[in-house]
Amino acid sequence: MAIIVASILSADFTRLGEELAAVERAGADWVHVDVMDGHFVPNLAMGPMTVEAVRRSTSLPIDVHLMIEDPDLFVERFAKAGATHISVHAEATIHLIRSLELIRSCGCHPGIALGPAAPLSLVEWSLDHADYVDLLSVNPGFGGQDFQPSTLVKVHALGMELRRRGLATIIECDGGIGPMTIAAFSAAGVEAFVIGSALFAAADYGAVIGELREKAAAASPMLDPRVPS
Ligand code: DX5
Ligand code: ZN
């Protein structure tokens, strides 16, 4: 079944606790926290204190997406703040396996995030150290962007590689996913769908999550991995 991951980047921060309670009631599976340092991405957002506040407001798993340089410096603080999943960008850390092992040693599920322009070969030799791979389907840094269709080909290729190696690594996609696009992501092989603006802009979170699940389940697997026109 689809894992619906609510990205609070698009939540109303004046009512973060209520927003978290509402998405939990509406059936979201994980909460996604985007951390941005103004260097790796051209935006600033959230830190360990935000994760602590999220931890106090929900019992859902917390997926922390570190869009920061030198992520190893902060892994322990995010783990202590209550993260259950932490992803680091392969482009932002020199020794990716060391970063993933550090995340696991802090008691969290390690994830590899990869920007849309970064090749899959960057993660090839680290895949068996990760519990999930977050393929960014937009240039990281902002919510509300249209997704890059080439990501679907990348998802398909990653799925084939994971199956070839017998790995159960979860494929997550992040950016531009909503009721109009989720079927394409699901068909390509995505299992965890990060949803920001399409969820928090909706009047009824339960209805939109229901629609997302239905459309993800109805999609047939992509056979021909070409970039859709
Ligand atoms: C983008 C972030 C995403 C963002 C997705 O840099 O990593 O998590 O919240 O937002 P939407 O769903 O609006 O594209
Ligand atoms: Zn994210």
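Refer to the structure printed above.
Predicted, not measured: the structure shown is a model, and the values here were computed from it. (Residues numbered from 1 in each chain as written. Chains lettered and ligands numbered in written order. Predicted model: local features only at pLDDT ≥ 70, side-chain atom pairs only at ≥ 80, totals over all residues. Heavy atoms only, no water.)

> Would you take a moment to explain the overall build of the protein for this structure?
When you go through the protein residue by residue, the secondary structure sums to 8 helices and 9 strands. Taking the principal axes of its C-alpha atoms as reference, the protein extends roughly 45 × 45 × 30 Å. The proportion of buried residues among the 229 residues of the protein is 52%. Residue pairs at least 24 apart in sequence account for 64% of intrachain contacts in the protein once pairs closer than 6 positions are excluded. (Helix = DSSP H or I, 4+ residues; strand = E, 2+ residues; numbered from the N terminus. Buried < 20%, exposed > 50% of the residue type's maximum accessible area, 1.4 Å probe, protein only. Contact = heavy atoms within 4.5 Å.)

> I tried to follow unusual backbone geometry on my own but got confused; where do I start?
Negative phi values dominate among residues other than glycine, just as trans dominates among peptide bonds. A positive phi angle, near 55°, is found at M46, a position not held by glycine. Structurally, M46 is set in the loop between β3 (44–45) and α2 (48–57). For D70, which is not glycine, the phi torsion reads 45° and is therefore positive. The exposed category is assigned to D70, whose relative accessible area is 51%.

> Where do I start with the side chain of S186 in this structure?
Mapped onto the elements, S186 comes out in helix α6 (residues 182–188). Given the relative accessible area of 17%, S186 is considered buried. For S186, the side chain forms a polar contact with the main-chain oxygen of A216, separated by 2.7 Å. Aside from chain neighbours lying at most four places away, what touches S186 is F193, A216 and A219. (Polar contact = N/O pair within 3.5 Å; in protein donor to acceptor, adjacent residues only side chain to side chain.)

> Looking at this model, I keep getting lost on the nonpolar core. Mind explaining?
A general tendency of soluble globular proteins is for nonpolar side chains to be buried together. Core analysis: the biggest nonpolar cluster contains 70 residues, and I8, V33, V64, L66, I86, F193 and L199 have the highest contact counts within it. Tallying contributions element by element places helix α8 (residues 205–218) first for this core, with 5 residues. (Core = buried A, V, L, I, M, F, W, Y, C linked by side-chain atoms within 4.5 Å.)

> What is the right way to read α2 from this model?
Residues that lie three or four places apart on an α-helix share one face, since the helix turns once every 3.6 residues. All buried positions along α2 are accounted for by P48, T50, V51 and V54. Take α2 and look down its axis: the buried residues cluster within an arc of 150°, on one side only. Opposite the buried face of α2, at more than 90 degrees from it, the exposed residues are M49 and R56. (Arc of directions from axis to C-beta.)

> What is the right way to read the pairing of strand β2 (residues 30–37) from this model?
Put simply, side chains in a regular strand alternate between the two faces of the sheet. Burial runs high along β2: 8 of the 8 residues are buried. Because side chains alternate across β2, one face comprises the buried residues W30, H32, D34 and M36, and the other comprises V31, V33, V35 and D37, equally buried. Pairing between strand β1 (residues 3–7) and β2: 3 bridges, direction parallel. When the bridges of β2 are listed, A6 appears paired with V31. (Pairing = 2+ DSSP bridges.)

> Explanation requested: the site of ligand 1 in the structure shown.
Ligand 1 sits among 19 residues. The nearest are S7, G141, G144, D174 and S197. D34 has a polar side-chain atom sitting 2.7 Å from an oxygen atom of ligand 1. Between S197 and ligand 1, the recorded distance is 2.6 Å, taken from a side-chain N or O atom to an oxygen atom. Computed on the free molecule, ligand 1 has an accessible area of 380 Å², of which 100% lies beneath the protein chains in the complex. Those elements giving two or more residues to the shell around ligand 1 turn out to be β2, β4 (62–67) and β9 (192–195). The residue makeup of the shell around ligand 1, split by class, is 7 nonpolar, 10 polar and 2 charged. (Near = heavy atom within 4 Å. Areas by Shrake-Rupley, 256 points an atom, 1.4 Å probe, with all protein chains shown as cover. Nonpolar A, V, L, I, M, F, W, Y, C, P; charged D, E, K, R; others polar.)

> Honestly, the coordination of the zinc ion (ligand 2) in this entry has me stumped. Any pointers?
Note on metal geometry: ideal angles are 109.5 degrees for four donors arranged tetrahedrally and 90 or 180 degrees for six donors arranged octahedrally. Surrounding the zinc ion (ligand 2) are the protein donor atoms H32 (NE2), D34 (OD), H65 (ND1) and D174 (OD), at 2.1 to 2.3 Å. Here the donor residues for the zinc ion (ligand 2) map to a single chain with the spacing H-x1-D-x30-H-x108-D. Residue H65 is found in strand β4, and its partner D174 is found in strand β8 (residues 170–174); the two are separated by 109 residues along the sequence. For the pair H65 and D174, one class covers both residues: buried. (Donors = N, O, S within 2.8 Å, 3.2 Å for Na, K, Ca; no water.)

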